[in-house]
Amino acid sequence: MKLAGNDILIQSLIEEGVEYIFGYPGGAALHIYDSIFKQKEMEHILVRHEQGATHAADGYARATGKPGVVLVTSGPGATNAITGIATAFMDSIPMIVISGQVAKHLIGTDAFQETDMIGISRPIVKHSFTVDSAENIPEIVKQAFHIATSGRPGPVVIDVPKDTTAPDKLFEFKYPNDVNIRSYKPPIDPDPRQIERAVDAIIESNKPVIYAGGGAINSNASEELIRLNEILDFPVTNTLMGLGVYPATHKRFLGMLGMHGTYQANMSMHNADLIIAIGARFDDRITNTPKLFAPKAKIIHLDVDYSSVSKIIEANIAVFGQVKNALLEMIKLLEVKKELIDPKKILPWKEQISDWKSQHGLNHEMHLCETDDKPIMPQAVVQHLYNITNGKAFITSDVGQHQMFAAQYYHFDEPRKWINSGGLGTMGFGLPAAMGAKLAYPNDEVICITGEGSIQMCIQELSTCTQYNLPIKIININNEALGMVKQWQDMNYGGRHSASTYQSSLPNFVELAESYGHVGIKIEKNSELKSGLEKALSMKDRLVFVDVYVDPNEHVYPMLVAPNGSLKDMWLDKETKT
Amino acid sequence: MIQRKLSIILENKPGALVRVVGLFHQRGYNIESLHVDPVEDLKEYKFVEDKLNIKLKEGEVSHLIIATTVNDNLLRQILRQINKLIDVLIAEEVK
Ligand SMILES: Cc1ncc(C[n+]2csc(CCOP(=O)(O)OP(=O)(O)O)c2C)c(N)n1
Ligand SMILES: [Mg+2]
């Protein structure tokens, strides 16, 4: 079959099974847009800003495990996509970003809307390609999808000079069946000797903790993790990126660890004699001061990425490969060595952990029935949402206090239900990410828990939701401030709120939502909270924007003491330090 | 700390070299000297073919030598990060 470059590109995406492409047109991408118009297999979602396209594709990818696909034009279209690419890169999310580029003969001439997209995006992509000729498009697309989705996933940019998609030059089109990149062979199956060493260390341990992160979700290893722990019955903590990979309602679940982790999770990590890290990267929100991290613990580290192991914390036993495969091998060997596991040995450790939990664990019944003379507490908003949705919703979030309350108080029992920007911490992520998740799962409840600061960074996407009829629910935890910034200013800068409040400049969010054709609900009193949220969630086919006014003075706790603190050093409330 | 020499075999493709060089800057490592040539005489590069089980053609890959002063741990980290680059076939220390 003979096709022009633009059709070759679109047919290649269809061959990859792409259902949605999130984008925004412009000069350098117009040939490609013409091909999109002519086909029916794939739906293009017109966002209102290219940052929205990348976050929507990212939300789709996190919810489904399939790569998100983005199409933008050259110059400003490409640069607007950068924040979303960096967001996906930091959290290892598979994404394909196709950027239009000026024609080859114009490259380097400062042509209209020319920008060096490959150069600008280089530090924040897993790999990138420039199309040199239409003939090579199928091979490039095939490689790009392979790279984005295998090993440690990540975003891949394909920069497409306009002349390579010209409709008047035809080439033979055949999509390759397989792909082989000789310089790229990520590990899959673990070394059996390392599995053996890991299992022996597990059997010897007295104070073990399983610490699982986003890599376990990327590897679809939730089921294997649960099976492993049916044998071991060890305490388990998840990172912010890992929430849901181990059921939050399981009795062995300690809650999230790290900066705003639970007391019992942080104490368990600090006092452990064995840490089994599964697809987690010991980032600085987890370790606090690396030198003081878990001083007595032996570390087993399972990861697909060599460069993540022993980067911050030296691993005693490194298991390279797909985390899912490594867990399966560990399960097999543990079943053989079952009689060597002594469950009584770790009973004192489990008792110690339940003591920690009863001393300072989060109170999940908090503020649910307050009276109207008290302000609404942000935690109560999340707790009600959890109860009303039976913990079954997809929750996307933005960045700040609301994000941490969502992570702490919504219990995720399944992977991929919690969708947030953990690594880059990108305000503006939540709404477009919810659009991507809703397109992937139209029959599921998709809720964006946001703050009045973050939501205004991609608020224009309310219009996209109107065009494509995306009935997501937006819960704006409105503390009339950049709350997390203000909390740091309260704690470290003598309460000087430099540039963290808006001086009565906030819009009327209810009217704003209505002007886009959506429903707006304002909640200001405790007595209206539960019924207001129920009403919002009962409107199945409408986007509802719920603007909830909460106590502006609330802080997120626990909070690690930094700098120079360890995981046992926490603020438990405004007055109490451990 | 002593100066180390890193030997890197990478695809001779546009943009491959700058990914390696850029990585040093991104990760805060310093490059003290740098030399790169396309590989024409394949005899000395049999180890690449053996290690990866591939056949090389003349001019298809480049050999890059970078000198940098780092400790053992950082050296291991740099090599892992360079090896992770898609266009890099082999990165190792010259002993
Ligand atoms: C794009 C971007 N700019 C700045 C920040 C720094 N930042 C982190 S949290 C925060 C405040 C967020 O305010 P809001 O969305 O209202 O959430 P709250 O903390 O009040 O719940 C800011 C400014 C960021 N994470 N992302
Ligand atoms: Mg706020």
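It should be emphasised that the depicted structure is a prediction, and the values quoted were computed from it without experimental measurement.

This part covers the overall build of chain A. Helix and strand content of chain A: 21 helices and 22 strands. For chain A, the C-alpha radius of gyration of 25 Å lies close to 25 Å, the compact-globule estimate for 578 residues. Classification of the 578 residues of chain A by burial places 62% in the buried group. As presented, chain A carries roughly 22300 Å² of accessible surface, and 51% of it is formed by carbon and sulfur atoms. Of the side chains in chain A, 53 bear a positive and 67 a negative charge, and the two mean positions are spaced by 4 Å.

All right, on to the coordination of the magnesium ion (ligand 2) then. By definition of the ideal shapes, four donors in a tetrahedron about a metal sit 109.5 degrees apart, and six donors in an octahedron sit 90 or 180 degrees apart. All names here are of chain A. Here the magnesium ion (ligand 2) is held by Glu452 (OE), Glu452 (OE), Asn479 (OD1) and Ala481 (O), and the distances to it run 2.1 to 2.6 Å. Coordination at the magnesium ion (ligand 2) comes from 6 donor atoms whose angles at the metal span 52 to 179 degrees, giving a geometry best classed as irregular. For the magnesium ion (ligand 2), the donor residues sit on a single chain with the sequence spacing E-x26-N-x1-A. In this structure, Asn479 and Ala481 share a single accessibility class: buried.

The subject of this paragraph is the interface of chain A and chain B. Tallying the contact residues gives 19 residues for chain A and 21 residues for chain B. The contact between chain A and chain B buries some 1700 Å² in all, and 46% of this surface belongs to carbon and sulfur atoms. The three residues of chain A that bury the most area against chain B are A:Arg122, A:Arg182 and A:Ser183, which together make up 42% of that side's buried surface. The interface formed by chain A and chain B holds 4 salt bridges in total. With a closest N to O distance of 2.9 Å, A:Asp305 and B:Lys84 form a salt bridge. Along the contact surface separating chain A from chain B lie 11 residue pairs in polar contact (both at pLDDT 80 or more).

Residues and elements named next belong to chain B. The sheet built from 4 strands is open, its strands ordered E2-E3-E1-E4 with antiparallel pairing. Both outer strands of the open sheet, strand E2 (33-38) and strand E4 (88-93), are each paired with one neighbouring strand and no more. Neighbour to neighbour, the strand axes of the sheet diverge by 15 degrees on average, direction disregarded. Of the strand pairs in this sheet, strand E1 (residues 2-11) and strand E3 (residues 61-70) are connected by 10 bridges, and their pairing is antiparallel. When the bridges of E3 are listed, Ile9 appears paired with His63. Its contacts with the sheet put helix H1 (residues 16-26) on E1, E2, E3 and E4, and the angle it makes with E1 is roughly 150 degrees. The strands touched by helix H3 (residues 72-84) within the sheet are E1, E3 and E4, with E4 carrying the most contacts at an inclination of about 170 degrees.

Rules used throughout
- Residues numbered from 1 in each chain as written.
- Chains lettered and ligands numbered in written order.
- Predicted model: local features only at pLDDT ≥ 70, side-chain atom pairs only at ≥ 80, totals over all residues.
- Heavy atoms only, no water.
- Helix = DSSP H or I, 4+ residues; strand = E, 2+ residues; numbered from the N terminus.
- Rg over C-alpha atoms; globule rule 2.2 N^0.38 Å.
- Buried < 20%, exposed > 50% of the residue type's maximum accessible area, 1.4 Å probe, protein only.
- Areas by Shrake-Rupley, 256 points an atom, 1.4 Å probe, with all protein chains shown as cover.
- Lys, Arg positive; Asp, Glu negative; His and termini not counted.
- Charge placed at Lys NZ, Arg CZ, Asp CG, Glu CD.
- Donors = N, O, S within 2.8 Å, 3.2 Å for Na, K, Ca; no water.
- Tetrahedral: all angles 85-135°; square planar, octahedral: opposite > 155°, others 65-115°.
- Contact = heavy atoms within 4.5 Å.
- Buried area = accessible area lost by both parts, 1.4 Å probe.
- Salt bridge = Lys/Arg side-chain N within 4 Å of Asp/Glu carboxyl O.
- Polar contact = N/O pair within 3.5 Å; in protein donor to acceptor, adjacent residues only side chain to side chain.
- Pairing = 2+ DSSP bridges.
- Axes fitted to C-alpha atoms, helices over the stretch in contact; angles between N-to-C directions.

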